[in-house]
Amino acid sequence: MRTWLSILLLTVSCYPVWPRTANEWKSRIIYQLLTDRFASSQSSGCSDLHSYCGGTFKAIISRLDYIQGLGVNAIWISPIPVNTPNGYHGYWAKDITAVNPQFGTEDELKSLVSECHKRDIWVMLDVVANHMGNQRHGDWNNFTFFTPFDQQAHYHAFCEIKDFSNQNQVEVCRLADLPDLDQSNSFVDSTLRSWVSSTVQKYQLDGLRVDTVPEVPKEFWSQYSQSANVFTIGEVFNGDFDYVAGYQGPMDALLNYPLYYKLLSAYQKQQSMRSIHDGVTTERSVFKDVSILGNFIDNHDNPRFLHGNSQYTVLYNALVYIIFAEGIPIIYYGTEQGFTGGGDPDNRAPLWPHYNSNHVIYQFISKCVHFRQRLGSSLYGSSQVERYVDDQFFSFSRGQVLMCTTNTGSSQSVRRTITYHPYKTGDREFNVLRCSLTCIYTAYMVITCILYTPCGILSYTWSSVLVLVFT
């Protein structure tokens, strides 16, 4: 009896907890990669960024140590269907029933997910339900080469989105000439929902990033998310807080584009940091749950942060915000290696051979992310409290952790006195990243911090933590 009981307990304890919930995703830090651009068996670069460069599922497995060293515990990979020519990014589906052979086989994808799960790295798949791939220009009514949507009835009548303020046009017309699926067609609706359900189950996926969300009616997304039965985070490429927030419900969460633009203004463009205050205040009033929004400063659809401002110190400050602020942090591949690419496709350069785990940005992200992981739910389970803001300085806390950031760059020193903080008289700090810092906790519970060199500070105060990044 004891032998059978031991076997039963061992079986139960080893069986994966699945599917993952939105609440569980709060513990994740996502590393976004393009499957074709992250890792390859070849060592040379890529001669044409508009086409395939050679990245594969199998090669990603060979670089999991690199990903794990960064401290992240989830990856977001590209859409997997067979694509029309040059669809290296995965967004131009030709046949949704088959895996893109450029990336690998079904078994290799299963192996990737399995190897990630062994390391407690969750896998998020990018999915597309709005459109299919490219057609021959002008031959807009020929759908015979698509699978399974090969009939004209599966698509909206040809028109192009010319006015993004016209929601009906956004939902029924073509984005970038891509054939627009008609989700009101019963075959399209049931096939898309069946596909996402079976794909999630077949590969044991932990979450989905959903492309082109506002181009499809909300009613469809509600049903699609139910069929997926995993965490969904949608792309609404728009800076309007109210508009984007309207899709939380049909989706569990959204990529936080409205706050992204505020962060670019404050850090990259070095405009007033008060824009962060404005953004956080607004998003709390319109979103159902800000704690599961995806925070980012780089992605595949926008010029890289360092393209607009080459100062690493400013980047560090922006990274501290997304890593420690309320929401799910998303790090785009190449940021950790100082990539500076502009618009598409320059922001999608292959990572190989740049796997330098000693790069200063890699090390900075790794220290911050590992520290966030050690804090666990005491951080991601706590709300964000603003402590100080002016044009050059923004400070906030979560639980007993204090973050201070600035946008002044590496040429100036910064001094601020913070009277509203989570600490008590007598608390002491310990510098983790070893920088020139003076912090004084007075009898009047005032913190004065002066920092003269560019760095990031992670400092303990007994059971508390002080996190500072400025110049």
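Refer to the preceding data block for the structure.
Treat the numbers as computed from the prediction; the structure is a model and nothing was measured. Each chain carries its own residue numbering, running from 1 in the direction its sequence is written. Restriction of local features to residues with pLDDT of at least 70 applies here, the model being predicted, together with a cutoff of 80 or more for giving and counting side-chain atom pairs; totals for whole chains, interfaces and linings are based on all residues. The side-chain values count all of the structure's non-hydrogen atoms but skip hydrogen atoms and water molecules.

Caption draft 1: The sheet that holds strand β5 (residues 122-127), seen in detail. Read across the sheet, eight strands follow the order β8-β7-β6-β5-β2-β1-β10-β9 without closing on themselves; strand pairing throughout is parallel. Either end of the sheet is taken by a strand with one partner, and the two such strands are β8 (253-254) and β9 (294-295). One bridge is not enough; two strands pair if DSSP finds at least two bridges between them. Secondary structure follows DSSP: runs of H or I at least 4 residues long count as helices, runs of E at least 2 residues long count as strands, and numbering of each begins at the N terminus.

Caption draft 2: Examining the packing of helix α10 (residues 257-268) against helix α13 (residues 312-324) more closely. Every axis corresponds to a line fitted to the C-alpha atoms, with the helix fit spanning only the stretch in contact, and the corresponding angles, defined between N-to-C directions, vary from 0 to 180 degrees. Taken N-terminus to C-terminus, the directions of α10 and α13 make an angle of 150°; their axes are 10 Å apart at the nearest point. Our classification of the angle between α10 and α13 gives roughly antiparallel. Between α10 and α13 lies a crossing of right-handed hand. On the side of α10, the interface is formed by Leu259, Leu263, Tyr267 and Gln268, while α13 contributes Val314, Asn317, Ala318, Tyr321 and Ile322. Of the residues that constitute the contact of α10 with α13, the class distribution is seven nonpolar, two polar and no charged. Our angle categories are set so that under 35 degrees counts as roughly parallel, over 145 as roughly antiparallel, 65 to 115 as roughly perpendicular, and the remainder as oblique. By definition, any crossing whose near helix is turned counterclockwise from its far helix by less than a right angle is left-handed, and any crossing with a clockwise turn is right-handed. Should any heavy atoms of two residues lie within 4.5 Å, those residues are considered in contact. Under the grouping applied here, Gly and all other residues not named as nonpolar or charged are polar, the nonpolar ones being Ala, Val, Leu, Ile, Met, Phe, Trp, Tyr, Cys and Pro and the charged ones Asp, Glu, Lys and Arg.

Caption draft 3: Representation of the state of the cysteines within the structure. By convention in this document, the label disulfide applies to cysteine sulfur atom pairs within 2.5 Å. Here the structure, examined in full by the defined rule, presents two disulfides. Each sulfur of the disulfide joining Cys159 and Cys173 lies 2.0 Å from the other. Residues Cys159 and Cys173 are joined by a disulfide whose S-S torsion is about -100°; by sign, that bridge is left-handed. On the criterion of sequence distance, the pair formed by Cys159 in the loop between β5 and α6 (167-172) and Cys173 in the loop between α6 and α7 (186-203) is long-range, its members being 14 residues apart. Here the disulfide map of the protein reads 1-2, 3-4, the bonded cysteines being numbered as they appear in the sequence.

Caption draft 4: Region of interest: helix α5 (residues 106-118). A helix is expected to span 1.5 Å multiplied by its residue count minus one. Its 13 residues give α5 an end-to-end C-alpha distance of 18 Å, which sits within 8% of 18 Å, the value for a rise of 1.5 Å per residue. When we look at burial in α5, the residues that qualify are Leu109, Leu112, Val113 and Cys116. One side of α5 carries all its buried residues, which in axial view fall inside an arc of 90°. Facing away from the buried side of α5, by more than 90 degrees, are the exposed residues Asp107 and Lys118. Each element contacted by the buried residues of α5 is listed here: α3 (57-62), α4 (64-70), β2 (74-77), β5 and α7. Just past α5, the residue Asp120 takes up positive phi, approximately 60°. For every residue, the accessible area (1.4 Å probe, protein chains only) is compared with the maximum for its type, and the residue is labelled buried under 20%, exposed over 50%, or partly exposed between those bounds. The reported arc concerns the directions from the helix axis to the C-beta atoms and nothing else.

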